[in-house]
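# Architecture at a glance
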Protein chains: 2
Amino acid sequence: METIALDLMGGDNAPAEIAAGAVEASSEFGVAIMLIGTKDALDRHASGARLNDVSIEPMEATQVVGTTEPGTNAWRDKKDSSIAVGMRMVKEGRAQAFVSAGNTGAISAVSLFELGRMNKVERPAIATLYRNETNKIAMLLDIGSNVDCRPKFLLQFGEMGSAFMSKVLLMERPRVGLISNGHEESKGSKLVKEAHGMLKKSDINFIGNVEGFDIIQGGADVFVTDGFTGNVVLKFAESLAGSIFNSLKDALGSNVLTRASKPLWGPPVKSVARQWDYSAVGGAPLLGVNGNIVMSHGRSDASDIKVAIGLAQRMIRERWHQPS
Amino acid sequence: METIALDLMGGDNAPAEIAAGAVEASSEFGVAIMLIGTKDALDRHASGARLNDVSIEPMEATQVVGTTEPGTNAWRDKKDSSIAVGMRMVKEGRAQAFVSAGNTGAISAVSLFELGRMNKVERPAIATLYRNETNKIAMLLDIGSNVDCRPKFLLQFGEMGSAFMSKVLLMERPRVGLISNGHEESKGSKLVKEAHGMLKKSDINFIGNVEGFDIIQGGADVFVTDGFTGNVVLKFAESLAGSIFNSLKDALGSNVLTRASKPLWGPPVKSVARQWDYSAVGGAPLLGVNGNIVMSHGRSDASDIKVAIGLAQRMIRERWHQPS
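So, a few notes on the structure that sits alongside this text. Not measured: the values here are computed from a predicted model. (Residues numbered from 1 in each chain as written. Chains lettered and ligands numbered in written order. Predicted model: local features only at pLDDT ≥ 70, side-chain atom pairs only at ≥ 80, totals over all residues. Heavy atoms only, no water.)

## Quick word on the pattern of salt bridges
- For the structure on display, the rule yields 35 salt bridges over all chains.
- Lysine 306 of chain A is the partner of glutamate 28 of chain A in a salt bridge, and the nearest nitrogen-oxygen pair spans 3.2 Å. Separated by 278 residues along the polypeptide, glutamate 28 of chain A in helix 1 (residues 16-29) and lysine 306 of chain A in helix 12 (residues 302-317) bring together distant segments of the chain.
- Using a relative accessible area of 51% as the deciding quantity, one classes glutamate 28 of chain A as exposed.
- Note that lysine 200 of chain B and glutamate 185 of chain B form a salt bridge whose closest N and O atoms lie 3.0 Å from each other. Taken together, the residues span a long stretch of sequence, with lysine 200 of chain B in helix 7 (residues 190-201) and glutamate 185 of chain B in the loop between strand 7 (176-179) and helix 7 at a distance of 15 residues.
- Among the charged side chains, a salt-bridge network with shared partners connects Asp80, Arg88, Lys91 and Glu114 of chain A. (Salt bridge = Lys/Arg side-chain N within 4 Å of Asp/Glu carboxyl O. Helix = DSSP H or I, 4+ residues; strand = E, 2+ residues; numbered from the N terminus. Buried < 20%, exposed > 50% of the residue type's maximum accessible area, 1.4 Å probe, protein only.)

## What about the environment of isoleucine 143 of chain B?
Residue and element names in this part refer to chain B.
- Position of isoleucine 143 among the secondary structure elements: in the loop between strand 6 (137-141) and helix 6 (151-167).
- As a C-alpha pair, isoleucine 143 and phenylalanine 98 span 45 residues in sequence and 19 Å in three-dimensional space.
- Here isoleucine 143 is in contact with Ile126, Thr128, Gly227, Gly230, Asn231 and Leu234, once residues within four sequence places are set aside. (Contact = heavy atoms within 4.5 Å.)

## Thoughts on the relation of the copies chain A and chain B
- Expressed as a screw transformation, the operator carrying chain A onto chain B has a rotation angle of 180° and an axial translation of 0.1 Å, and the superposed copies differ by an RMSD of 0.1 Å. Here the copies are linked by what is in effect a two-fold axis. (Least-squares fit on C-alpha atoms with pLDDT ≥ 70 in both.)

## Details of the interface of chain A and chain B
- Counting residues at the interface gives 49 residues for chain A and 49 residues for chain B.
- Both sides of the chain A and chain B interface together cover about 4,200 Å² of buried area, and 75% of this is carbon and sulfur.
- It is Phe228, Phe236 and Leu264 of chain A that lose the most area in chain A upon contact with chain B, and together they represent 16% of the buried surface on that side.
- Counting across the chain A and chain B interface gives 2 salt bridges.
- Linking chain A with chain B are 10 residue pairs in polar contact (both at pLDDT 80 or more), by the criterion used here.
- Looking at the side of chain A that touches chain B, the elements with two or more residues in it are helix 7 (190-201), helix 8 (214-217), helix 9 (227-253), helix 10 (256-260) and helix 11 (262-275) of chain A. (Buried area = accessible area lost by both parts, 1.4 Å probe. Polar contact = N/O pair within 3.5 Å; in protein donor to acceptor, adjacent residues only side chain to side chain.)

## Some details on the sheet that holds strand 10 (residues 284-287) of chain B
All names here are of chain B.
- Judged by pairing direction, the sheet is mixed, and its 11 strands sit side by side in the order 3-2-1-4-11-10-5-6-9-7-8 without closing on themselves. The outermost strands of the open sheet, each flanked by one partner alone, are strand 3 (56-60) and strand 8 (206-210). When strand polarity is set aside, the average angle formed by the axes of neighbouring strands in this sheet is 25°.
- With 4 bridges joining them, strand 7 and strand 8 adopt parallel strand pairing. Paired with valine 176 across the strands is phenylalanine 206, a residue of strand 8.
- Strands strand 4 (97-100), strand 5 (125-131), strand 10 and strand 11 (292-295) of the sheet are contacted by helix 5 (residues 104-114), whose axis makes an angle of about 170° with strand 11. (Pairing = 2+ DSSP bridges. Axes fitted to C-alpha atoms, helices over the stretch in contact; angles between N-to-C directions.)

## Quick word on the packing of aromatic side chains
- Counted under the stated rule, the structure contains 5 aromatic pairs over all chains.
- Ring geometry for tryptophan 75 of chain B versus phenylalanine 113 of chain B: centroids 5.3 Å apart, planes at 5°, classification stacked. Within this pair, whereas tryptophan 75 of chain B is found in helix 3 (residues 71-77), its partner phenylalanine 113 of chain B is found in helix 5, the two being separated by 38 residues in sequence.
- Judged by its relative accessible area of 14%, tryptophan 75 of chain B falls in the buried class.
- Using a relative accessible area of 48% as the deciding quantity, one classes phenylalanine 113 of chain B as partly exposed.
- Cation over ring: lysine 79 of chain A sits above tryptophan 75 of chain A, and NZ or CZ is 4.3 Å from the ring centre. (Phe/Tyr/Trp six-rings, centres within 6.5 Å; stacked < 30°, edge-to-face > 60°. Lys NZ or Arg CZ within 6 Å of the ring centre and 35° of its normal.)

## Things to note about unusual backbone geometry
Residue and element names in this part refer to chain A.
- The omega angle of the peptide bond from alanine 14 to proline 15 is 0°, so this bond is cis rather than trans.
- Mapped onto the elements of the fold, proline 15 is located in the loop between strand 1 (3-7) and helix 1.
- Positive phi is not limited to glycine here, since lysine 120 has a value of about 75°.
- Checked against the element boundaries, lysine 120 lands in the loop between helix 5 (104-114) and strand 5 (125-131).
- One non-glycine residue with positive phi stands out, namely leucine 170, at about 55°.
- You can call leucine 170 exposed: its relative accessible area is 54%.

## Quick notes on the packing of helix 11 of chain A against helix 9 (residues 227-253) of chain B
- Where helix 11 of chain A contacts helix 9 of chain B, the axes come no closer than 9 Å and their chain directions differ by 145°. Along this stretch, helix 11 of chain A crosses helix 9 of chain B, giving a crossing that reads as right-handed. Where helix 11 of chain A approaches helix 9 of chain B, its residues Trp265, Pro268, Val269, Val272 and Gln275 of chain A are matched on the opposing element by Ile244, Ser247, Leu248, Ala251 and Leu252 of chain B.
- Within the contact of helix 11 of chain A with helix 9 of chain B, the residues separate by chemical class into 8 nonpolar, 2 polar and no charged. (Left-handed = near helix turned anticlockwise from the far one by under 90°. Nonpolar A, V, L, I, M, F, W, Y, C, P; charged D, E, K, R; others polar.)

## As for a positive patch on the surface
Residue and element names in this part refer to chain A.
- Together, Lys249, Lys262, Lys270 and Arg274 give the surface a local cluster of positive charge.
- Of the residues forming the positive patch, the biggest block, 3 residues, is contributed by helix 11.
- One can find lysine 249 in helix 9. (Patch = residues over 30% accessible without salt bridge, like charges linked within 9 Å, V, L, I, M, F, W, Y side chains within 5 Å. Areas by Shrake-Rupley, 256 points an atom, 1.4 Å probe, with all protein chains shown as cover. Lys, Arg positive; Asp, Glu negative; His and termini not counted. Charge placed at Lys NZ, Arg CZ, Asp CG, Glu CD.)

## Quick look at the sheet that holds strand 5 of chain A
All names here are of chain A.
- Strand order in the open sheet formed by 11 strands is 3-2-1-4-11-10-5-6-9-7-8, and the pairing between neighbours is mixed. Strands with a single pairing partner mark the edges of an open sheet, and in this sheet they are strand 3 (56-60) and strand 8 (206-210). Taking each pair of neighbouring strands and ignoring which way they run, the sheet shows an average axis angle of 25°.
- Where strand 1 and strand 4 (residues 97-100) come together, 3 bridges link them in parallel fashion. If you follow alanine 5 over to strand 4, its bridge partner there is phenylalanine 98.

## Observations regarding the pairing of strand 11 (residues 292-295) of chain A
Residue and element names in this part refer to chain A.
- Taking every second residue as pointing to the same face, both faces of strand 11 are buried, with Asn292 and Val294 on one and Ile293 and Met295 on the other.
- The pairing of strand 4 with strand 11 spans 4 bridges and is classified as parallel. Note that in strand 11 the partner of valine 99 across the bridge is valine 294.

## Some thoughts on helix 5 of chain B
All names here are of chain B.
- Every buried residue of helix 5 is listed here: Ala106, Ile107, Ser108, Ala109, Val110, Ser111 and Glu114.
- In this fold, the buried residues of helix 5 make contact with helix 3, helix 4 (82-91), strand 4, strand 5, strand 10 and strand 11.
- Capping the start of helix 5 is the job of one residue whose side-chain oxygen sits 2.9 Å from the backbone nitrogen of glycine 105: asparagine 103.
- Looking one or two residues beyond helix 5, the residue adopting positive phi is glycine 116, at roughly 80°.

## Structural notes on helix 1 (residues 16-29) of chain B
Residue and element names in this part refer to chain B.
- Between the first and last C-alpha of helix 1 there are 20 Å, a value that for 14 residues agrees with the 20 Å anticipated at 1.5 Å per step.
- For helix 1, every residue scored as buried is listed here: Ile18, Ala19, Gly21, Ala22, Val23, Ala25 and Ser26.
- Count one or two residues on from helix 1 and you reach glycine 30, which has phi positive near 65°. (Expected span 1.5 Å × (residues − 1).)

## Remarks on the packing of helix 6 of chain B against helix 7 of chain B
Residues and elements named next belong to chain B.
- Between helix 6 and helix 7, the least distance of the axes is 8 Å, while the angle of their chain directions is 50°. Considered as vectors, helix 6 and helix 7 are oriented oblique to each other. Crossing handedness for the pair helix 6 and helix 7: right-handed. Between helix 6 and helix 7, the residues in contact are Pro151, Lys152, Leu154, Leu155 and Gly158 and Leu191, Glu194, Ala195, Met198 and Leu199, respectively. (Parallel < 35°, antiparallel > 145°, perpendicular 65-115°, else oblique.)

What follows is the structure, given as structure tokens:
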């Protein structure tokens, strides 16, 4: 049975939804969860969870990292935060993965200090997984870990993304695209043009430059970009999809007859909204550190946490990272 | 009466939809249109248009710029393209604005050579106008003219965007935000951090860093970014909104009962789809060149062209650019 360390304190809905997600995941996936939180939070949530006859072990951390705390401060000042304790559980082999919906900057920073980088990787990257319009899983990275990139970082993002998709998600020769302002090789910033040359010479299935619309339309399986562009696009995507469905809800609810016919249009609209909910795949692996680390969205509810734990379990089983 | 030069040859639906848009705009807005195209296209479209008793004057150009032709080549090799002729009409004062749905790189390049930059402007920028979720018009720039930017370019994008929104769209003290990966001043790429310092010291209403979700949620009136990020976000936005409505159409049409109830849910869904159609505002002004230039989307139909001409008319009336 895999043991997954879970940050009870991270995210907008912590600790209640995190604990609920742990219970769901443990019973559904048959994983052991090491629930890491303050004594108070554990008393209130881990004891209740244990009653459900699932395998949840409480683990105390005395500190909590705030959502806006700079990552390096979180490491310097809080050696006993739930994030730091979780990383140490992975480092010591007491857990094979760590899942957190907490401060992404802190998770990145602490992972570097506690676990270190994978062999030859210059910069770890946060990779988001989502479903494109053909309902196929695709990856976009980096989404915020490295705002200023060198060409070689982008090359490595492509290599790591390709490796993850084939090893963990069992995709054959994933198509890796480099996000640019045009498909032509001549298009792109200085950074993109140099990275293009490096990716072309690599062993992965590099298909060249891709554009903004390819991200949704399935123009590649792995979309490589710097953490600045990736972060802007991701946040934009989340808000755009959310806004469209809010507008729809308002418009469909504004008329008595339309409202009355909700049993007819409600289910299809709801299912489409779920398809376009970017948290649906649930969980962004942190690639390039020595450990299986999954970040979950700050807004995660129990079901999102469950999905992130499922991804962590898959990473363990497919041996994304194996302790040496 | 304003005279607006219109590129009959530019865009996926040229020349038929362009000519139709000219007729609509001329009769609705009372502007004179100078329709610029090849003899053949003019024979087929301008003569028919003239019959409608609107003020449309044909103007011959012997060359046409292809959609993928590099901008500088288009200038070097085609001094008599519809784009070059249009710019010269503006330069010579025979038209007060030029509207084109053609190759944006070519329009940018030719405008620089024919019209030159406005006083003190280092790099012109393409600004897109759209409606945010509160249905208010907002601007995003640059969307592709400058992929590698210096901090001062971003400062000037903010200044030009602010001037356009207040002068042409009569907005009071437009809020200018700098797109970054976090609201905090400490967040951003090296470029963004330096531009932040400059924008802070400027006279415009700079509200600091904004994030991807602010673009939709109305977190600023003018969103400043480099042409690489702007281009990726814009293309992504267009495809995401389109894909969501396609999914909805499929889902709502897949069931007999739901399909039969279309009179109930159809109109609200359609109106929301229109609100989220990024071509709805129709027309992206090219800011920083000596002339009133409006780019229309390559996919423009007659109605989009009409809207772009309306924007050009407004730019003339509010004296965005005045010939010296």
